[in-house]
Number of protein chains: 2
Amino acid sequence: MEQSLPYDNRIDSESSEQVVNPWEVSAKDGGKIDYDKLIDKFGCKRLEESLIDRVERLTGRQPHKFLRRGVFFAHRDFNEILDAYESGERFYLYTGRGPSSEALHLGHLIPFMFTKYLQEAFKVPLVIQLTDDEKFMWKNLTVEESERLARENARDIIACGFDVTKTFIFSDFDHVGGAFYKNMVKVSKCVTLNKAKGIFGFSGEDHIGKLSFPAVQAAPSFPSSFPHLFPGMDKLRCLIPCAIDQDPYFRMTRDVAPRLGYSKPALIESSFFPALQGENGKMSASDPNSAIYVTDTAKDIKNKINKAKSGGHQFSVDQRELGADLEKDIPFKYLSVFLENDSELELVRKEYGEKKGSMDSGNVKKRVTEVLTEIVERHRRARAAVTDEMVEAFMAVRPLPSMFE
Amino acid sequence: MEQSLPYDNRIDSESSEQVVNPWEVSAKDGGKIDYDKLIDKFGCKRLEESLIDRVERLTGRQPHKFLRRGVFFAHRDFNEILDAYESGERFYLYTGRGPSSEALHLGHLIPFMFTKYLQEAFKVPLVIQLTDDEKFMWKNLTVEESERLARENARDIIACGFDVTKTFIFSDFDHVGGAFYKNMVKVSKCVTLNKAKGIFGFSGEDHIGKLSFPAVQAAPSFPSSFPHLFPGMDKLRCLIPCAIDQDPYFRMTRDVAPRLGYSKPALIESSFFPALQGENGKMSASDPNSAIYVTDTAKDIKNKINKAKSGGHQFSVDQRELGADLEKDIPFKYLSVFLENDSELELVRKEYGEKKGSMDSGNVKKRVTEVLTEIVERHRRARAAVTDEMVEAFMAVRPLPSMFE
């Protein structure tokens, strides 16, 4: 059973409890995010090994490392998406980004890298929402600046390698209206103010734009919001890959869907990419020291990784005697997210994390610096190759005739 | 000084106070609406004789009977609109309708008849908002039914004789998006939940769609919401003719406008067209006995007027001795709204309202039945002549090159 609404998820910085909502992620008392507790509180499910095996069987390829390594670790009805897919039904993917800053960091790339894999593996269309309206309302930005950031971020997203014949990128300021607006209004009619306060923690001093926004993020979960893509496909299911802090939006959406005669969107949810200083929060674009940006140079990356929180020991005798504390080791965490090769990762785990290993913190930092530098440089090259015409092409309101091929 | 926000205007049917807001109009203890009190509470101004004289001078024609007779009786900054007009500036008109029913009643026609006069007298463009989204959210209607009613009501509005070269009619479901949506979001960002509750009386059990809607009704007050009509005319002033129950929306809009760098819209506000049963509320489309519909036959009108609340006396001796109580006499009220000829109206006032007059209730009812029947039949003929192509023409998103001619 899904946890019923409303329940209390208020932002409360005074609290010693962990806080996870779309605007704040912080662990209890400076510790780590307790994901089991989060799953329990949100009412989603842990992504079991058996589901990942099923993905492998259905797609005929090795599951993405983010699945193998538990970066995407929770879900809602992902099993039903696989059931439907197995029986020949198709679905579409929906993900998004709030364009609040010029430069993305590595944490931002994770959902897009994973979504690209899902698009390829399942051969399905994808809609990507750029919530420029949200960022205008939450941040001290003009409408024009929010729109500009949306287009800049679209370049980074396109650089992740999406298939233009299967992908529609849109900004809210561009796209809200018509069928999309009708779905916004339909969703809004089903959510009381009390419910919205319970889910999102809004207070009386919050502006009414914030109250309106959840319906904007809900609308792309329904195929009828995109008549140019999914005409007459009102029953097409939607799968949303996202970080788990977005769960409140889609809990609300799922609650509302049956009352509108729509399918509930399914979710596949990631943990947060940890900050350089440690795993009590997520990498934040507004704190330059917490993050490795896709615009960082090889030297920046090396310096940042060198200063990252380590679980290794300063003296080699301790390191050999005890092994590193991998749970606290940010360079190792990053390696376990981004290193492609499973057996090399296993080797590092053993030689660095266990007693009498041959590796120390310096070795791991060197290796992760190489891996991240390669990713960042590849991204930079790909982004530089994204032309204005490509941005236009991805954002054009158009049918996608080969979206399921 | 304009009354500052927030203040309490909550819907409270238990209250013995009069309630006037966009969703409810009811007088204190079954008495009459106290308009002086309303002006005082809302913080608008009474429309002084001197302003009406100024309208006559500026337009070079007799002011509309609704001005001469005090049907439009209150305003905000109408004087500033006249100042600007006198100095050669132009403005645009904005009015609207919530399409909740198929058949309009006479009260619904009043703002449109008056707006048509303003459009002709000042030679200015007009935007008419059909709030199908509002009616979907407040009433038990589907989106499709709300849209259908919007188009049906557009036919009635067009039948009032608007100039298609100066008039843009739009439905929210059609038109929300783009520049219009940006203004909605800008307005929303300036209004806190507490403020919205104070102005509109929303409670925690109201849905968030209601919280979003005031920004939809605010947006047409700003010319930048219509880039196809007013490109580069961001400073163009707006004058809103409406019934005074809509004042809360525009009080909010005016409060927000300077923070967005926009001009405050001016207002010219009417009293309510009284119900057949008496002047404690407004004519309501949902209560067939309270209203004369534009679809009523001559016989319907005759029957309804015969049953209307009268201030006359049953016995002719009393009538001659005392004269009728015109304040309570609905047929006379209707006559004073719709009879064109001032001297005939003055005659009726004297011969019916004063002692020793030659008229009784039957004479007045007969005369008002003639007047209303003529209006209704003229409307019916005009409405029948409105083709689908005309509706399309008024609702087409297009520039209006001769809008100020």
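You'll find the structure just up there.
Here the structure is a predicted model, which means the values were calculated and not measured.

Turning our attention to the overall build of chain A. Helix and strand counts for chain A come out as 18 helices and 11 strands. A globule of 405 residues ought to have a C-alpha radius of gyration of about 22 Å, and chain A, at 21 Å, matches this closely. The C-alpha extent of chain A, read off along each of the three principal axes, is 65 × 45 × 45 Å. Considering chain A as a whole, with its 405 residues, one finds that 59% of them fall into the buried category.

Further remarks concern the sheet that holds strand β7 (residues 167-171) of chain A. Residues and elements named next belong to chain A. Strand order in the open sheet formed by 7 strands is β3-β4-β9-β8-β5-β6-β7, with mixed pairing between adjacent strands. Strands at the two margins of the open sheet, each flanked by one partner only, are β3 (45-46) and β7. As defined by bridge partners, strand β5 (residues 91-97) adjoins strand β8 (residues 237-243) across 3 bridges and the pair is classed as parallel. By the bridge assignment for β8, F91 is matched with R237.

A few words on the interface of chain B and chain A. Each side of the interface is counted separately: chain B has 35 residues, and chain A has 35 residues. Carbon and sulfur atoms make up 65% of the surface buried where chain B meets chain A, a total of about 3,100 Å² over both sides. It is Y181, K189 and I208 of chain B that lose the most area in chain B upon contact with chain A, and together they represent 23% of the buried surface on that side. Where chain B meets chain A, there are 2 salt bridges.

In screw terms, the move from chain B to chain A is a rotation of 180° and a rise of 0.0 Å along the axis, fitting with an RMSD of 0.0 Å. These values place the two chain copies in the arrangement generated by a two-fold rotation axis. No C-alpha of chain B lies nearer the rotation axis than that of G177 of chain B, which sits 2.1 Å from it. Comparing contact sets, 100% of the residues at the interface of chain B also lie at the interface in chain A, consistent with an isologous, same-surface contact.

The rules behind these values
Residues numbered from 1 in each chain as written. Chains lettered and ligands numbered in written order. Predicted model: local features only at pLDDT ≥ 70, side-chain atom pairs only at ≥ 80, totals over all residues. Heavy atoms only, no water. Helix = DSSP H or I, 4+ residues; strand = E, 2+ residues; numbered from the N terminus. Rg over C-alpha atoms; globule rule 2.2 N^0.38 Å. Buried < 20%, exposed > 50% of the residue type's maximum accessible area, 1.4 Å probe, protein only. Pairing = 2+ DSSP bridges. Contact = heavy atoms within 4.5 Å. Buried area = accessible area lost by both parts, 1.4 Å probe. Salt bridge = Lys/Arg side-chain N within 4 Å of Asp/Glu carboxyl O. Least-squares fit on C-alpha atoms with pLDDT ≥ 70 in both.

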